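Take a look at the letters that make up each chain.
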Amino acid sequence: MDNQYYQRNNVPSQKDLETKNTTATVLCIISLFFFFGVPIIIGILFKVGILYFAWGTGNINLLGGPALFYLSTMIAFAFIIVTRIKYPSNRFAKIVMRIYIGIIILSILLVIALFASVFYQLRGF
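Computed from a prediction, not measured in an experiment: that's the story for all the values here.

Thresholds applied
Residues numbered from 1 in each chain as written. Predicted model: local features only at pLDDT ≥ 70, side-chain atom pairs only at ≥ 80, totals over all residues. Heavy atoms only, no water. Helix = DSSP H or I, 4+ residues; strand = E, 2+ residues; numbered from the N terminus. Buried < 20%, exposed > 50% of the residue type's maximum accessible area, 1.4 Å probe, protein only. Contact = heavy atoms within 4.5 Å. Areas by Shrake-Rupley, 256 points an atom, 1.4 Å probe, with all protein chains shown as cover. Axes fitted to C-alpha atoms, helices over the stretch in contact; angles between N-to-C directions. Parallel < 35°, antiparallel > 145°, perpendicular 65-115°, else oblique. Left-handed = near helix turned anticlockwise from the far one by under 90°. Nonpolar A, V, L, I, M, F, W, Y, C, P; charged D, E, K, R; others polar.

**Considerations on the overall build of the protein**
The number of helices and strands found in the protein is 4 helices and 0 strands. Reading the protein from its N end, one meets helices and strands in the order α-α-α-α. When the 125 residues of the protein are sorted by exposure, 20% land in the buried category. Of the contacts formed within the protein by residues at least 6 apart in sequence, a portion of 60% connects residues at least 24 apart. Accessible area for the protein stands at about 9700 Å²; split by element, carbon and sulfur atoms hold 70% of it.

This is how it looks when you write it as C-alpha cells:
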C-alpha cells in the first residue's frame, strides 16, 4: 500500500511540468540572445561608430572587440548546457543544442578550408 501511495504522489503535476517547460524555454531564449543577438548588437555599434578600434594611433579600444563575441558565445553555451542538464526532456533545448553543434561543425570545416586555401596559394599551383 505504501508503495502505491509513493508512486501516485511522486508523479509531477501538469502545472509543475508546464513551469519547468517555461523555465527551460526562457533559458533557451536567453542562450539564443547571447549567441546571435549580442554579436549583432556589437556589430551595429561598431558600424555606427560608438565602439571602435584605433589601430593607427596606438590607442586600442577593446570594448566590444572580438573578446565580447567569444565571451557571449561561451555564455550562450553555458546557458544551453545548464538547460540540457536541468531539463533533459525539453524539445526546444534539444533543437537549440543541435543548432549550436551544427554551427560548431561548420565553423571547423570553414577554418580547415581557409587553411587549405592558404597553403594551396603558398605552394604556387
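**Some details on the packing of helix 3 (residues 66-86) against helix 4 (residues 91-123)**
For the pair helix 3 and helix 4, the least separation of the axes is 10 Å and the interaxial angle reads 140°. The orientation of helix 3 with respect to helix 4, classified from their angle, is oblique. Where helix 3 crosses over helix 4, the two elements pack in a sense that is left-handed. Counting all contacts with helix 3, which are made through Ala76, Phe77, Ile80, Ile81, Thr83 and Arg84, the residues of helix 4 involved are Ala93, Lys94, Val96, Met97, Tyr100 and Ile104. Broken down by class, the residue content of the contact of helix 3 with helix 4 amounts to 9 nonpolar, 1 polar and 2 charged.

In short, geometric facts, not functional conclusions.
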